[in-house]
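# Observations on the three-dimensional arrangement
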Amino acid sequence: MSSDTKAGSVVRHPYLPKSLSLPHYVPNAKDLTEILGFLGVTSLLIVVGTWIYTGRRKEPFNFIRRVALCWFMLCAFIHIVIEGYFAVYHATLAGHTSLLGEMWKEYGRCDSRYISSDTFTVCMERITAVIDGPLALMTFFAFMNGSNYRYALQMILSLCQLYGDVLYFLTAIKDGFIHGPTDSYLYFGFYFLFLNSLWILIPSVLIIDSAHHIAACQTVSDFYIDEYNRRQGSHTQNNHKKLH
């Protein structure tokens, strides 16, 4: 029996802090290129498929709107499938050898809260999987069908994503970045900062876009309401004069 498996010993793992106890940890069997390749290729297929699908609409969207629709579908996949996997299997994730399991174990190198079943992370990801994922699908089809609620749904979805991601960063900052190496370009620079910042930058832009369209509709609505009230007022005054 090796020293790593003796009773009372700590199972060696690549996560921080080193004192983290993960007795069920199993090293990844798949290499980094296979894990990132799966995520990259799957994401690309979703984006390309969505781009083609949105281009077949009778009333075509402009370039920016089609990019946003691709974002919604990509978010639906990530929230429901990838984050949904974590939400279900977080307690035993360190021992998983499935592709999604090893993907999370790889991401856990930048934030071990995903391996240790951290309370905030589990709650946040469950909300994301159950609420944000379906919301992303609803927003996509609302735009495809020209629903009057499309910008309201875009606003709600983006606010949920932005709020969750801001809390994610703030809790990591409050903990002093103890859950991952801050000197790694891959784990801290790419995984933690770059990938997560997408859910701050893009939702922020979409919130502004939603506010602009909703405000424009409100301006038009106010104009017609004011015009209707003015005409009703004039009509009442004319009737009053006739009576006298």
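About the criteria used
- Residues numbered from 1 in each chain as written.
- Predicted model: local features only at pLDDT ≥ 70, side-chain atom pairs only at ≥ 80, totals over all residues.
- Heavy atoms only, no water.
- Axes fitted to C-alpha atoms, helices over the stretch in contact; angles between N-to-C directions.
- Helix = DSSP H or I, 4+ residues; strand = E, 2+ residues; numbered from the N terminus.
- Parallel < 35°, antiparallel > 145°, perpendicular 65-115°, else oblique.
- Contact = heavy atoms within 4.5 Å.
- Core = buried A, V, L, I, M, F, W, Y, C linked by side-chain atoms within 4.5 Å.
- Buried < 20%, exposed > 50% of the residue type's maximum accessible area, 1.4 Å probe, protein only.
- UniProt positions renumbered as here; feature names shortened; annotations may be inferred.
- Expected span 1.5 Å × (residues − 1).
- Bend = angle between axes of the 7 residues up to and from the residue.
- Polar contact = N/O pair within 3.5 Å; in protein donor to acceptor, adjacent residues only side chain to side chain.
- Phe/Tyr/Trp six-rings, centres within 6.5 Å; stacked < 30°, edge-to-face > 60°.
- Lys NZ or Arg CZ within 6 Å of the ring centre and 35° of its normal.

## Focus: the packing of helix α1 (residues 32-55) against helix α3 (residues 99-107)
Two elements in contact, α1 and α3, have axes whose closest approach is 10 Å; the angle formed by their N-to-C orientations is 110°. In terms of orientation, α1 lies roughly perpendicular with respect to α3. Mapping the contact onto sequence places L32, I35, F38 and L39 in α1 and L99, L100, E102, M103 and E106 in α3.

## Some details on the nonpolar core
Note on soluble globular proteins: their nonpolar side chains tend to be buried together. Formed by 48 residues in total, the largest nonpolar core has its most connected members in F72 and W104. Counting only elements with at least two residues in this core, the list comes to α1, α2 (63-89), α3, α4 (119-144), α5 (150-174) and α6 (185-243). Among the elements that make up this core, the one with the highest residue count is α2 (twelve residues). If we ignore the near neighbours within four places in the chain, the residues touching F72 are A136, T139, F140, F143, Q154, L157 and L206.

## Considerations on the UniProt feature "transmembrane region" (unreviewed entry) in the protein chain
Sequence positions flagged by UniProt for "transmembrane region" (unreviewed entry) are, in local numbering, residues 35-55, 67-88, 127-144, 151-173 and 185-208. Counted over residues 185-208, helix gives 100% and strand 0%. Its end C-alpha atoms are 31 Å apart.

## Notes on α2
In this model α2 runs 38 Å from its N-terminal to its C-terminal C-alpha over 27 residues, within 8% of the 39 Å that 1.5 Å per residue would give. Roughly 35° is the biggest bend found in α2, and it falls at E83. For α2, a buried count of 19 out of 27 residues is recorded, marking the element as mostly surrounded by other parts of the structure. Of the residues flanking the start of α2, the one acting as N-cap is N62, its side-chain oxygen 3.3 Å from the backbone nitrogen of I64.

## Things to note about the packing of aromatic side chains
Under the counting rule described, the total for this entry stands at 24 aromatic pairs. Measuring from ring centre to ring centre gives 5.5 Å for F188 and F192, while their planes differ by 15°; the resulting arrangement is stacked. With F188 and F192 both in helix α6 and four residues apart, the pair spans about one turn of that helix. F188 gets classed as buried once you look at its relative accessible area, which sits at 18%. Where F190 meets F194, the ring centres are 5.6 Å apart and the plane angle is 15°; that geometry is what we call stacked. Of this pair, F190 and F194 both sit in helix α6, separated by four residues, roughly a single helical turn. Take F190: its relative accessible area is 36%, and that puts it in the partly exposed class. The side chain of R66 reaches across the aromatic face of W51, ending 3.9 Å from its centre.

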